[in-house]
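These are the residues of each chain, in order.
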Amino acid sequence: MSKVVWTISSENSRIYIKLKWLRISQLAGYLTRISGEVHADRFFTNPEVYLFIEAGSLNTQYPEQNDRLKGQKMLDAEKYPFLEFSSIEGCQLRSGSIWELPGVMTIKESKYPLTMIINKSDITLNRKKNTARFRLFGELNLEKSDFYCTAENDYGRVVTIEAEISLKVKE
């Protein structure tokens, strides 16, 4: 079966994150500027996924936290404008329409393993509209030494990720 190139519909895609903060609370935010491609057949068998997420699009709704997270001691969004995800080893069907997608998340110059659980929401294939929509879930384990941590800024190692990704066939 031939591969189709699907592009991320950034206006309809979001990535939500939650990280522990001060060991007693969670800080939630979202990233809105996402681009990338998925190379797969029309049924998304063994997709190859490449995502580029603009670090500067992070929004926690708290300006001080936004500045801290995007600053030099954390994401360093000015020097490293993109977080990148690429899949490895293909996708494995686990149950019904739930898949596991192993991959690598690159933050600054560090690479972290990340397996996303994917739930297929909707695929529309017709002459006028070829679209797909997925929900993804995963946990990213960060090395604390890669990020600035003090008593007043104690972000946890585990980042919970939820995403809604919309795709359209590349024209």
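Just above, that's the structure.
It should be emphasised that the depicted structure is a prediction, and the values quoted were computed from it without experimental measurement.

Draft legend 1. Structural view of a nonpolar patch on the surface. A cluster of nonpolar side chains, namely Y50, F52 and F82, defines an oily patch on the protein surface of about 250 Å² accessible area. Structurally, F52 can be placed in strand β5 (residues 48-54).

Draft legend 2. Quick look at the pattern of salt bridges. One pass over the full model with this rule turns up eight salt bridges. One connected set of salt bridges, linked through shared partners, spans R133, R135, E162 and E164.

Draft legend 3. Just unusual backbone geometry, in detail. Despite not being glycine, Q61 has its phi angle at roughly 70°, a positive value. Note on placement: Q61 falls in the loop between β6 (58-59) and α1 (63-70). In the Ramachandran plot, D76 falls in the positive-phi region, its phi being about 50° despite a non-glycine side chain. Locating D76 in the fold gives a position in the loop between α1 and β7 (82-87). For D76, a relative accessible area of 12% gives the class buried.

Quick notes on the rules
Residues numbered from 1 in each chain as written. Predicted model: local features only at pLDDT ≥ 70, side-chain atom pairs only at ≥ 80, totals over all residues. Heavy atoms only, no water. Patch = residues over 30% accessible without salt bridge, like charges linked within 9 Å, V, L, I, M, F, W, Y side chains within 5 Å. Areas by Shrake-Rupley, 256 points an atom, 1.4 Å probe, with all protein chains shown as cover. Salt bridge = Lys/Arg side-chain N within 4 Å of Asp/Glu carboxyl O. Helix = DSSP H or I, 4+ residues; strand = E, 2+ residues; numbered from the N terminus. Buried < 20%, exposed > 50% of the residue type's maximum accessible area, 1.4 Å probe, protein only.

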